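# Coordinate inspection notes
Given next are the chains, with one letter for each unit.
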Amino acid sequence: MQQLTALIIPLLILFIIGYGMIKRIAVYEEFVDGAKDGFNIAINIIPYLVAMLFAIAIFRASGALEFILTMLTPLANLFGFPAEIIPMGIIRPLTGSGSVGVLAELINTHGEDSLIVKTAAVMFGSTETTLYVLAVYFGAINIKKTAYAVQAGLVADFAGFVAAISVTYWYFS
Amino acid sequence: MLNKIWAGLIIIGILFAFGQDVYDELNNTFNNGIPQKIPYTKSLTSPSQVTLTLSQSTLNAQFKANQRIHIQLNKQSPQYLHDIAAIHGNDTHINAKLISINTTELNILLPELHWQKLRAIILSAFDMAKFAVKLAIGLIGVMALWLGLMQIAEKSGLIKHMVKVVQPLLHWLFPNIPKGHPAFGSISMNMAANVLGLGNAATPLGIKAMQQLQTLNTNKNKASDEMCMFLALNTSSVQLLPPVTLIALMGTQVSELIIPIILATSCSTVAAISVAKLYARASKKLVNNVPGQGE
């Protein structure tokens, strides 16, 4: 599988350009024409990304998360799963680098073989940084009113969170 | 909703930091104005050098003139010491007052530290604002590369062929995209990149898809149903191969996680599609509502 991913992009590039040549497209000129937009899109994204990342930074640095965690620990125990994975569930939709940090820390304290780390890793792999994706995708086309996209994204994250816990526990026991 | 989440993160963050700082002030957590007795050992190399143990971390320090002592910080030293150093315009050492000294202990007075949490959140807020620009600028190259390739694929008719293949599959998810529209092409390319864990390619292709969806959007200021569905699919991350970061962190362990990840991600994807569909149905009923309402 790993080898497959290494092959896909070069083959895709070869295919797109090769097909363009066969169809007698001015490939170089078209490439430049299309690539022009890259700059404007990235610049468009900046205000959205600044807004989102700065809010998340304030929340994370305040230590509110640790506080919420201590509040949620009894709840986690009630449902019979370790509270250690809750930070992953909360951080994952907010920041990618933050959730990598959480996972690395869990690996450090519990080891790669532990059920906690496996659950957190499944959680990491099965959901996305919702707020980041939202800022980037809507920022690129300058849309501020995001309708119900956040709700859908967060519900997906929550479903992923619950599914990760139940699937991992079922699969490894 | 996004407005509330955004404001919530900031307000909760600031209020929480403020509350903690007030608590620290009332309890004088950082021993402001109180001299501390700290055990030390003399260095063997220089008479002015000592090693001291402060808050469970071992630090080197050096005696200076006028009853001062410079405490050298390292990576293990606790955050509040770094904060003290930062307030006084220095990253590497604290300039403390030496009150008295005996054979085993130093009696020193550290500079005062107030409003530590509020300082910390503002610092990281500004850091993140800078980082956001870096991230966006970093996107330019990858963005340009994929947009260039997509332009070739579009002009050569490759996308048109692709649309024909994927259209029947995607039509149910995106009922408002007209038949044969290139948006189907970029959406399916983005999904393919996601499925294969190619995050680098997924974002530019996703943005391309969003641009094409925007051309079909009737209200250019507000996200369309198609966009919300597309975003929901992206945030639930349909994937068959684990993301590269996970492989880097977990090593070979990752291979036994592939099946659980596929199962869990299917659940989140089904949830995302259902929510998006339900909202789309609800908003259709309210079609005569004031335009531009909602978030």
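About the thresholds
Residues numbered from 1 in each chain as written. Chains lettered and ligands numbered in written order. Predicted model: local features only at pLDDT ≥ 70, side-chain atom pairs only at ≥ 80, totals over all residues. Helix = DSSP H or I, 4+ residues; strand = E, 2+ residues; numbered from the N terminus. Buried ≥ 20, exposed ≤ 12 C-beta atoms within 10 Å, placed from the backbone. Contact = placed C-beta atoms within 7 Å. Pairing = 2+ DSSP bridges. Nonpolar A, V, L, I, M, F, W, Y, C, P; charged D, E, K, R; others polar. Axes fitted to C-alpha atoms, helices over the stretch in contact; angles between N-to-C directions. Parallel < 35°, antiparallel > 145°, perpendicular 65-115°, else oblique. Left-handed = near helix turned anticlockwise from the far one by under 90°. Core = buried A, V, L, I, M, F, W, Y, C linked by C-beta atoms within 7 Å. pLDDT = per-residue confidence, 0-100. Domains from an automatic or database assignment.

This part is about the overall build of chain B. For chain B, the count of helices and strands is 9 helices and 6 strands. Dimensions of chain B, computed from the C-alpha atoms along their principal axes, are close to 85 × 45 × 35 Å. A burial count over chain B gives 38% of its 295 residues as buried. For chain B, contacts bridging at least 24 residues in sequence account for 52% of all contacts bridging at least 6.

A few words now on the pairing of strand S1 (residues 36-42) of chain B. Residues and elements named next belong to chain B. Bridge count for S1 against strand S6 (residues 105-109) is 4 bridges, and the pairing is antiparallel. Opposite Ile 38, over in S6, you have Leu 106 as the bridge partner. Sheet topology places S1 next to strand S2 (residues 49-54); 3 bridges connect them, and they run antiparallel. For Thr 41, the partnering residue across the bridge sits in S2 and is Thr 51.

Counting residues at the interface gives 82 residues for chain A, matched by 88 residues for chain B. Among the secondary structure elements, those contributing two or more residues to the side of chain A that touches chain B are helix H1 (2-22), helix H2 (27-35), helix H3 (37-61), helix H4 (64-79), helix H6 (96-110), helix H7 (115-126), helix H8 (130-140) and helix H9 (149-171) of chain A. The element best represented in the side of chain A that touches chain B is H3 of chain A, accounting for 18 residues. Along the lines of polarity and charge, the residues of the side of chain A that touches chain B split into 57 nonpolar, 15 polar and 10 charged.

Residues and elements named next belong to chain A. H9 packs onto H7 with a crossing angle of 140° between their chain directions and a minimal axis gap of 9 Å. When the axes of H7 and H9 are compared, the pair comes out oblique. Classified by chirality, the crossing of H9 by H7 is right-handed. Residue-level contacts link Leu 115, Lys 118, Thr 119, Val 122, Met 123 and Ser 126 of H7 to Gly 160, Phe 161, Ala 163, Ala 164, Ile 165, Val 167 and Thr 168 of H9. The class makeup of the residues in the contact of H7 with H9 is 8 nonpolar, 4 polar and 1 charged.

The next point concerns the sheet that holds S1 of chain B. Pairing in this closed barrel of 6 strands is antiparallel, and the strands run S1-S2-S3-S4-S5-S6 (chain B) around the ring. In this sheet, adjacent strand axes meet at a mean angle of 45° when their direction is disregarded.

To continue, consider unusual backbone geometry. Residues and elements named next belong to chain B. With a phi close to 50°, Asn 28 is a non-glycine residue in the positive phi region. Structurally, Asn 28 is set in the loop between helix H1 (2-27) and S1. Backbone geometry at Asn 31 places phi at a positive 55°, although glycine is not the residue there. One can find Asn 31 in the loop between H1 and S1.

Formed by 121 residues in total, the largest nonpolar core has its most connected members in Leu 49, Ile 58, Ala 149 and Ala 152 of chain A together with Cys 228 and Ala 232 of chain B. Beyond its immediate chain neighbours, meaning those up to four positions away, Ile 58 of chain A contacts Leu 9, Ile 10, Gly 13, Ile 14, Ile 121 and Ala 125 of chain B. Counting residues in each nonpolar core, the second largest holds 17 residues, with Ile 38, Leu 73, Ala 85 and Ile 94 of chain B among its members.

What follows covers the confidence of the model for chain B. In the predicted model, chain B carries a mean pLDDT of 87, and the fraction of residues at 70 or more is 97%. In the model output, the complex is listed with pTM 0.86 alongside ipTM 0.90.

Let us look at the domain arrangement of chain B. Taken as a whole, chain B is organised into domain 1 (34-112) and domain 2 (157-285). Between the C-alpha centres of domain 1 of chain B and domain 2 of chain B the distance comes to 56 Å.

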